[in-house]
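Listed below are the residues making up each chain.
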Amino acid sequence: MKEIKKIGVMTSGGDSPGMNAAIRSVVRTCAFYKIECAGIYRGYEGMIEGDFIELNARSVKGIINKGGTFLKSARSKAFRTKEGRQEAYKQLKKANIDALVVIGGDGSFTGGLVFNQEFDFPVMGIPGTIDNDIAGTSHTLGYDTTLNTVVDVIDKIRDTASSHNRLFFVEVMGRDVGHIALNVGVGAGAEEILIPEEDLGLERLLESLRRSKESGKSSSIVIVAEGDKTGKNVFELKDYVEENLPEYEVRVSVLGHMQRGGSPSCFDRVLASRMGVKAVESLLDGKSNLMVGLINDKITVTPLEKAIKGQSKINKELIRVSDIMSI
Ligand code: F6P
């Protein structure tokens, strides 16, 4: 096996708070072990174009608290082609990069795995996505920050909802999973939470809202995960409730990309720092095709293949807690 003298680090897919902190950790761990580190701009796109920057311990000063990713991120179509990957390999070789740390989600890991299989190139993954939809870790980077950001916004929506005795549907991100919705729903005291993993049905929603009114609640918040399975989008849900329960005045708030921005929480900064160290040390130990994760507060590694194919399960206990709390 070839000795690793230089590691390339990149961020890929949707950005998430904590990515900068993870880049910083990778760069400084390389410096600690006296090996070189290169940043790859715009994920696989930049890799194909050879858009690299030499990084040292001082190049990553002042970024631990910054949201987004200074290396930028992209979802690359070209890397899905054999020619694209061939070109990327050529560029890495030209820059003397011996191994890769990919910070991103399952799409980014799939790219890394294919690349490893084709070119026998060492790859380690760090899970960076607000959705928390990756198996092999209880937390992905950015997820905790997003929960805090969203809870904060829902608290504000609650102020205006209660001032006008209104019902708010608040749509949150999460792609096909309901981790964000379920946790912010409990954290912000929502009356109902609609997630893809549990289709409660529209009748149950109406029933719950009827009960809310009868129990004397003057305002309500319903959290809707963007991937929910009601078959109606959040605006159609508003119309549906207004038609069936005219006593409700309904408003919709789609939170959108503000959920992905902002300074990472302390939890995400610490997690990013731990994951970066483990990713570099694993490569230096001759390991590859693994994703660094957090399980029971221990930093662990999981085969990339398992992380991609496995499912991150929602915590069903939270559904029960939410039901009890929203009585
Ligand atoms: O995966 C992160 C995420 O923010 C999802 O929650 C959301 O569905 C998606 O990315 C949005 O993607 P884009 O920024 O490309 O619109």
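What comes next concerns the included structure. (Residues numbered from 1 in each chain as written. Predicted model: local features only at pLDDT ≥ 70, side-chain atom pairs only at ≥ 80, totals over all residues. Heavy atoms only, no water.)

Focus on the overall build of the chain
Basically, it comes down to this: The numbering of helices and of strands both runs from the N terminus, where a helix is a DSSP run of H or I of at least 4 residues and a strand a run of E of at least 2. Our radius of gyration looks at C-alpha atoms and nothing else; its globule reference is 2.2 Å times the residue count to the power 0.38. Burial here depends on accessible area, computed with a 1.4 Å probe over protein chains only, as a share of the maximum for the residue type. Under 20% is buried, over 50% is exposed, and the range in between is partly exposed. Any two residues whose heavy atoms approach within 4.5 Å at even a single point are treated as in contact.
Summing up its helical and strand segments, the chain has 11 helices and 11 strands in all. In terms of overall size, the chain behaves like a compact globule, its C-alpha atoms giving a radius of gyration of 22 Å where 327 residues would be expected to give roughly 20 Å. Put simply, the chain has 327 residues, and 54% of those count as buried. Long-range contacts, defined here as pairs at least 24 residues apart, represent 75% of the contacts in the chain between residues at least 6 apart.

Points about the site of the ligand
Put simply, the rule is: Being near a molecule or strand, for a residue, comes down to having at least one heavy atom within 4 Å of it. Polar contact is defined as a pair of N or O atoms within 3.5 Å, subject to the rule that within protein one atom must be able to donate a hydrogen and the other to accept it, and that residues adjacent in sequence are counted only when both atoms are side-chain atoms. We get accessible surface area from the Shrake-Rupley algorithm with a probe of 1.4 Å; when it comes to residues, only the shown protein chains can shield them. In the scheme used here, Gly and all other residues not listed as nonpolar or charged are polar, with Ala, Val, Leu, Ile, Met, Phe, Trp, Tyr, Cys and Pro taken as nonpolar and Asp, Glu, Lys and Arg as charged. Residue ranges for the domains trace back to a domain assignment, done automatically or taken from a database.
Neighbouring residues of the ligand: R75, T129, I130, D131, M173, G174, R175, E226, H257 and R260. Note that an oxygen atom of the ligand is positioned 2.5 Å from one of the side-chain N or O atoms of R75. Residue R260 places a side-chain N or O atom 2.8 Å away from an oxygen atom belonging to the ligand. Within the complex, the protein chains bury 75% of what would otherwise be the 400 Å² of accessible surface of the ligand. A per-class count over the shell around the ligand returns 2 nonpolar, 3 polar and 5 charged. Split by domain, the shell around the ligand shows at least three residues from each of two domains, domain 1 (6–142 + 264–309) and domain 2 (144–260).

Re the side chain of D131
Among the structural elements, D131 can be located in the loop between β5 (123–127) and α5 (143–163). The exposure class assigned to D131 is buried, which follows from its relative accessible area of 8%. If we ignore the near neighbours within four places in the chain, the residues touching D131 are G174, R175, V177, H179 and I180.

Comments concerning unusual backbone geometry
If a residue is not glycine, its phi is most likely negative; likewise, a peptide bond is most likely trans. A positive phi is found at N165, a non-glycine position, where the angle reads about 50 degrees. Tracing the sequence through the fold places N165 in the loop between α5 and β6 (167–172). Positioned with a positive phi, N296 is a non-glycine residue whose angle comes to about 50 degrees. For N296, the position within the fold is in the loop between β10 (290–295) and β11 (298–303). Among the residues examined, N296 registers a relative accessible area of 70% and is labelled exposed.

Notes on the packing of aromatic side chains
Operational definition: Aromatic pairing here means that ring centres of Phe, Tyr or Trp (its six-membered ring) are within 6.5 Å. Orientation follows from the plane angle: under 30 degrees is stacked, over 60 is edge-to-face, and everything else is tilted.
Scanning the model with the defined rule gives 8 aromatic pairs in all. For the pair Y89 and F121, a centre-to-centre distance of 6.2 Å together with 85 degrees between the ring planes defines the contact as edge-to-face. A residue pair is termed long-range when its members are at least 10 positions apart, and Y89 in helix α3 (residues 82–94) and F121 in the loop between α4 (106–119) and β5 qualify at 32 residues. By relative accessible area, Y89 is classed as partly exposed at 22%. By the ring-pair criterion, three or more aromatic residues cluster together here, those being Y44, F79, Y89, F115, F119 and F121.

Notes on a nonpolar patch on the surface
Going by this rule: Put simply, a patch holds well-exposed residues, over 30% relative accessible area, that have no salt bridge, with like charges counted together within 9 Å and Val, Leu, Ile, Met, Phe, Trp or Tyr side chains within 5 Å. Should a side-chain nitrogen of Lys or Arg be within 4 Å of a carboxyl oxygen of Asp or Glu, the pair is scored as a salt bridge.
A surface patch of nonpolar side chains, about 310 Å² in accessible area, is lined by F32, Y33 and L284. You can see L284 is positioned in helix α9 (residues 266–284). L284 gets classed as partly exposed once you look at its relative accessible area, which sits at 32%.

A few points about the packing of helix α1 (residues 19–32) against α9
Packed helices, taken two at a time, are described by their axes: the angle between them and the distance between them. Cut-off, in case you're wondering: Note on definitions: angles span 0 to 180 degrees between N-to-C directions of axes, and those axes are lines fitted to C-alpha atoms, for helices only across the stretch in contact. The labels follow the angle: roughly parallel below 35 degrees, roughly antiparallel above 145, roughly perpendicular from 65 to 115, and oblique for the rest. Crossing handedness: left-handed means the near helix sits turned counterclockwise from the far one by under a right angle, and right-handed means the same turn made clockwise.
Put simply, α1 and α9 touch, their axes get as near as 7 Å, and they point 40 degrees apart. By the angle class used here, α1 and α9 are oblique. The handedness of the crossing between α1 and α9 is right-handed. Where α1 abuts α9, its residues A21, A22, R24, S25, V26, T29 and C30 lie against R269, A272, S273, G276, V277 and V280. Broken down by class, the residue content of the contact of α1 with α9 amounts to 7 nonpolar, 4 polar and 2 charged.

In short, shape yes, function no, at least from these values alone.
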